[in-house]
Structure formats: C-alpha cells, structure tokens
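Okay, here's what each chain looks like letter by letter:
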Amino acid sequence: MTTTIRIQSEPFDAAAEATALTAGRTDVGAVVTFTGLCRDEGGRLAALELEHYPGMAEAEIARVAAEAERRWPILGQTIIHRFGRITPGESIVLVVTTSVHRQAAFEAAEFLMDYLKTQAPFWKREHLRDGAAGSWVEAKDTDDAAAARWR
Amino acid sequence: MTTTIRIQSEPFDAAAEATALTAGRTDVGAVVTFTGLCRDEGGRLAALELEHYPGMAEAEIARVAAEAERRWPILGQTIIHRFGRITPGESIVLVVTTSVHRQAAFEAAEFLMDYLKTQAPFWKREHLRDGAAGSWVEAKDTDDAAAARWR
Amino acid sequence: MKLVYFACVRERVGKTDEEVALPETIETVAQLIGWLKTRGEEYEYAFEKEGVIRVAVDHVHVRPEARLAGAREVAFFPPMTGG
Amino acid sequence: MKLVYFACVRERVGKTDEEVALPETIETVAQLIGWLKTRGEEYEYAFEKEGVIRVAVDHVHVRPEARLAGAREVAFFPPMTGG
C-alpha cells in the first residue's frame, strides 16, 4: 500500500501521479483520478486564493488517508492539495486511488474528496475580475451532507 | 455537452482525453477519470482477448452515454473501450466525466462503468501463462448488482 | 435474416454468422431459439442454457418474447464481460 | 500557549498568531474562547458566531468541551472550504 500526500503551491501532473501508482505492476485493475479545478463562476472570478494551516493540513489528510486504507482494499492513493493563488482552469486538488476492482477505487476517491472538503484546513477566498478582493467562500451544507454519508 | 465514444484496438492516452474535455474552459470544476487495467491474476494470465460486436458496441455505449447525460449535469464524457489482445498492466477501458461539481462527475462515471460492464457487447477470454487458451471470463453477479442500483 | 454469434455461442455453433430463411410460424426470439435447436447438435449445445443466452435484434438488447417482424440481424451471445 | 488564527478569524483578530499566558481557571476550549472575548473588540468580533468557529488543538479537530491540559498550539478558523 502506497500513500503519497503533498501540500504545494506548484501545479501537479495528474497523469504522472496515476502512472506512478501503476507502473511496473500487474495487480491493479482500477484507477480512479479526481481533479478539482478552479472555475471562473460565469466570468466573475479572476482567481481563488487558498490559505492553509501548514502542519495540520498534512496531518489531517494523513488521518483521512489512513481511514480510507482501513475501509477499502486500495493498493495505492495519492492526494495533492495546492495553496496560494490559483486562476480559473487551473487544478486545485488531486486524488488518485488504485485497487483490484473498481468499487473500492471509486468509493475511496469519493470518501477522500468528501473529507478533504470538510476536514482539511484550507480556506478559499475569491478575487474578483473587477479587481476587488472578494469574500471568503462559504462552507456548503451539501459538503457536510456528503461527508456525513460515510459515518 | 461533448460526448466522445471510441472502440479501438490501440492503446489510449487517458491524460490527453481528460485534457481534451477541459482545455480552454473555465466552467469545469471536477474531472473524474476511470481506467480499467488488465491484471495478471496472481501471475496466472498472459493476456486477455477481448471480442466485441462491432456496430452494436458503439450503439449501446451511445445509449448509455445519452442516459448519463439525461441523469446528471455533466459537461463532457469520453468513453473508450479496447478490443483484441491486451496484456497485464495495459489499459482496457477509459471513462472520463466532467462537471461543475464533483458529485455529478463521480456518479456519472460509476454509472457508465457499471453499464459498460453489464450492457456493452464485449467478452473477455483468458490466455494462460502456460500457453493454454483459458476460458471465457464469467459474468459476475456483483456487476449485475452494481448496475441494478441505478434503476 | 442474418444471425450472428459471439464468444462461447460462436464457438459452439461453429460459425460467426449465417443467413437463414425462417419458417413463417417463427414470430418471436424464443421461437427462433427453439427452431435453431432443431437444426443440429451444435445449436442444441450452444443454446443448452437457453435462459443465459442474451439476444440483440438490430443492435438492441431484447427479451425472449420480443417479436422478430422487420428484424435484419439477430445476435446471440453470453452475458457481457467488458469494462 | 500559542494561538493561531486563519481566514476570517485571522482577519478579524488582526494577527496570524500570538503567545498567551492563560489564567489557571481556563481548562477547556469553550472557556478559552470566553476569555479571549474579554480581551478586546477584535476578539469579540472574531468569535461573535462562536458556534461556527472550528478549533484544533495541536493539529487535531476538537469540540468546545475539549480540555486544554498539555496543549502547545490552539488554532481557530471558520469551516473549511478546501478540496
């Protein structure tokens, strides 16, 4: 079981991360990759600024990853979360899971994303296209509900 | 809404297909990529031989894709299924879905895979490592059950 | 009418496809399977687990009670194992 | 004890972190928040929706009734919006 967690400001290469989990192996049957991108919200946004809690971000994601490993027979998982200024069309977060069968890979990836959304110490602030500093993004009830279904 | 369906013997480039669905766009918030790979089943298999029903394979996958589009607010979907001889570690099937939010992208990808498994006219035959032609892979009840949950 | 066979059905029938002229009394998929089974041991063998064999008429999955009127191509195959 | 603030809490308190010497009577997270609110308008403003503010002790999410004994770093922040 391989778990990779990275918190970084640089962009990531989703394909390279997926390849790293499968290269040289003949036991992986399913690879699920989730990429979360910055949207411009109908042209309103110039960028998102992501603040995070260094140290806790890594620790919290490691706890969530350990829980995913406990719940599903996954062979590997890679979680990368960016911080700093991210413009529309750029990637923010990556989750890759591998397993023998598809169900475990899908469920683990969804679980990881639901928990990242509600448990990982990251906060998004909007920067508007008209130059104004926008407001902090509000947490969504739908994300809490999504996380609650795994309890 | 972009739907791409390809039935081919050649390998595919999952990353290029995902990029094709997001390049130049700022409205996509979530990309889910599923890749199904050939396993060697603990060293037992030399290859899988995939037989398919040309014409119906494309038509059936198009029907499944239309149903996914009807059910979820997806922005794009790409489905590629290979046929012919495929060795362990190689990719067999690719599903990419994009949406504004992650739930639609995840659910549509899982739906597409569950229906591809049980509805698309493809049949796998094992080729064993000792040179013998193995048997046809049996359909799994778990795949029928997975497809049934969408009804 | 063209009949096509895939996977283990193809192997048991011993051909990939054939043209047949159906008796007028054959109106449904189930009747077609019953008629095929009278055509020789290979068909009897191919359709011995009749309930398991899937059928598509002109590229669309159908049930045994489906009618054949207007059909150009009928396909027989075991449960699919793609993906 | 080190206190750290993030996002709108940081903006309202007006600093990213600070060292504080707690009165011995402050034993829980909820009591710490109550004490902070007596330290000035900026704290009152930052913790005005007290039930919404999340707290982590030494990088672990905790509830308001959690005890502070042994804590080195306590963090205050709004609900997370990463992912």
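Computed from a prediction, not measured in an experiment: that's the story for all the values here.

A. Structural context of the pattern of salt bridges. A complete count under the given rule lists 38 salt bridges over all chains for this structure. We note a salt bridge from A:Arg44 to A:Glu126, for which the minimum N-O separation is 3.2 Å. Of this pair, A:Arg44 sits in the loop between β2 (30-37) and β3 (45-52) while A:Glu126 sits in strand β7 (residues 122-128); the two residues are 82 residues apart in sequence, bridging distant segments of the chain. A:Arg44 gets classed as partly exposed once you look at its relative accessible area, which sits at 41%. Given a relative accessible area of 12%, A:Glu126 falls into the buried group. For the salt bridge of B:Glu67 with B:Arg71, the shortest nitrogen-to-oxygen distance reads 2.8 Å. Of this pair, B:Glu67 and B:Arg71 are both found in helix α2 (residues 56-71), four residues apart, which corresponds to roughly one turn of the helix.

B. Seen up close, the environment of A:Leu128. All names here are of chain A. Along the chain, the position of Leu128 falls in strand β7. Assessed through its relative accessible area of 21%, Leu128 is described here as partly exposed. Remark: the alpha-carbon pair of Leu128 and Ala47, spanning 81 residues in sequence, is separated by 7.0 Å.

C. Structural context of the interface of chain A and chain B. Taken together, the contact between chain A and chain B spans 32 residues of the former and 32 residues of the latter. In this assembly, chain A packs against chain B so that about 2,500 Å² is buried in total across both faces, 55% of it on carbon and sulfur atoms. A salt bridge links A:Arg102 to B:Asp114; its shortest N-O distance comes to 2.7 Å. At the boundary of chain A and chain B, one finds 13 residue pairs in polar contact (both at pLDDT 80 or more). Grouping the constituent residues of the side of chain A that touches chain B by class yields 14 nonpolar, eight polar and 10 charged. The pairing of β2(A) with strand β2 (residues 30-37) of chain B spans seven bridges and is antiparallel. Residue A:Thr33 lies in a different strand from β2(B), and its bridge partner there is B:Thr33.

D. Structural detail: the relation of the copies chain A and chain B. Between the two copies, chain A and chain B, the superposition gives an RMSD of 0.0 Å; the rotation angle is 180 degrees and the shift along the axis is 0.0 Å. Between the two chains, the operation in question is that of a two-fold axis. Looking at chain A, 100% of its interface residues are interface residues in chain B too, so the copies touch through the same face.

E. A look at the pairing of strand β5 (residues 73-77) of chain C. Residues and elements named next belong to chain C. With five of its five residues buried, β5 lies for the most part within the structure. Side-chain alternation along β5 places Glu73, Ala75 and Phe77 on one buried face and Val74 and Phe76 on a second face that is also buried. Of the pairings in the sheet, the one linking strand β1 (residues 2-5) to β5 comprises four bridges and is parallel in character. Across the sheet, residue Tyr5 finds its bridge partner in β5, namely Phe76. Note that strand β3 (residues 54-57) and β5 share four bridges and pair antiparallel. In the sheet register, Val57 faces β5, and the bridge partner there is Val74.

F. Local environment of the interface of chain C and chain B. Taken together, the contacts link 20 residues of chain C with 26 residues of chain B. In this assembly, chain C packs against chain B so that about 1,800 Å² is buried in total across both faces, 56% of it on carbon and sulfur atoms. Summed over the three residues of chain C that lose the most area to chain B, namely C:His59, C:Thr81 and C:Gly83, the buried surface amounts to 37% of that side. Summed over the shared surface of chain C and chain B, the result is two salt bridges. For B:Arg125, the salt bridge is made with C:Glu11, and the minimal N-O distance between the two is 2.2 Å. Secondary-structure elements contributing two or more residues to the side of chain C that touches chain B are β1, α1 (7-13), β4 (60-62) and β5 of chain C. Examining the composition of the side of chain C that touches chain B, we find that four residues originate from one element, α1(C), more than from any other. Taken together, the residues of the side of chain C that touches chain B sort by class into 12 nonpolar, five polar and three charged.

G. View of the sheet that holds β3(A). Residues and elements named next belong to chain A. In space, the four strands of this open sheet follow the order β5-β3-β7-β8, with antiparallel pairing throughout. Strands with a single pairing partner mark the edges of an open sheet, and in this sheet they are β5 (84-86) and β8 (133-136). Across the sheet, the mean angle from the axis of one strand to that of its neighbour is 30 degrees, orientation sign disregarded.

H. Summary view of the confidence of the model for chain C. Residues of chain C with pLDDT of at least 70 account for 100%, and the chain-wide mean is 96. This prediction of the complex comes with two scores: 0.96 for pTM and 0.95 for ipTM.

I. Here's a closer look at the packing of aromatic side chains. Residues and elements named next belong to chain C. Scanning all chains against the criterion turns up 24 aromatic pairs over all chains. Geometrically, the ring pair formed by Tyr5 and Phe76 is stacked, given 5.9 Å between the ring centres and 20 degrees between the ring planes. With Tyr5 in strand β1 and Phe76 in strand β5, this pair connects stretches of sequence that are 71 residues apart. When its relative accessible area of 1% is taken as the criterion, Tyr5 is described as buried. By relative accessible area, which is 0% here, Phe76 ends up buried.

J. Molecular detail of the packing of helix α2 (residues 56-71) of chain A against helix α3 (residues 102-119) of chain A. All names here are of chain A. Two elements in contact, α2 and α3, have axes whose closest approach is 10 Å; the angle formed by their N-to-C orientations is 155 degrees. Judged on the interaxial angle alone, α3 and α2 are roughly antiparallel. By crossing handedness, the relation of α2 to α3 is classed as right-handed. Counting all contacts with α2, which are made through Glu60, Ile61, Val64, Ala65, Glu67, Ala68 and Arg71, the residues of α3 involved are Phe111, Leu112, Tyr115, Leu116 and Gln119. The residue inventory of the contact of α2 with α3, partitioned by class, reads eight nonpolar, one polar and three charged.

K. Expanded view of the packing of α3(A) against helix α3 (residues 102-119) of chain B. The N-to-C vectors of α3(A) and α3(B) enclose an angle of 175 degrees; their axes lie 11 Å apart at closest approach. The orientation of α3(A) relative to α3(B) falls into the category roughly antiparallel. Where α3(A) approaches α3(B), its residues A:Arg102, A:Phe106, A:Ala109, A:Glu110, A:Met113, A:Asp114 and A:Lys117 are matched on the opposing element by B:Arg102, B:Phe106, B:Ala109, B:Glu110, B:Met113, B:Asp114 and B:Lys117.

Cut-offs applied
Residues numbered from 1 in each chain as written. Chains lettered and ligands numbered in written order. Predicted model: local features only at pLDDT ≥ 70, side-chain atom pairs only at ≥ 80, totals over all residues. Heavy atoms only, no water. Salt bridge = Lys/Arg side-chain N within 4 Å of Asp/Glu carboxyl O. Helix = DSSP H or I, 4+ residues; strand = E, 2+ residues; numbered from the N terminus. Buried < 20%, exposed > 50% of the residue type's maximum accessible area, 1.4 Å probe, protein only. Contact = heavy atoms within 4.5 Å. Buried area = accessible area lost by both parts, 1.4 Å probe. Polar contact = N/O pair within 3.5 Å; in protein donor to acceptor, adjacent residues only side chain to side chain. Nonpolar A, V, L, I, M, F, W, Y, C, P; charged D, E, K, R; others polar. Pairing = 2+ DSSP bridges. Least-squares fit on C-alpha atoms with pLDDT ≥ 70 in both. Axes fitted to C-alpha atoms, helices over the stretch in contact; angles between N-to-C directions. pLDDT = per-residue confidence, 0-100. Phe/Tyr/Trp six-rings, centres within 6.5 Å; stacked < 30°, edge-to-face > 60°. Parallel < 35°, antiparallel > 145°, perpendicular 65-115°, else oblique. Left-handed = near helix turned anticlockwise from the far one by under 90°.

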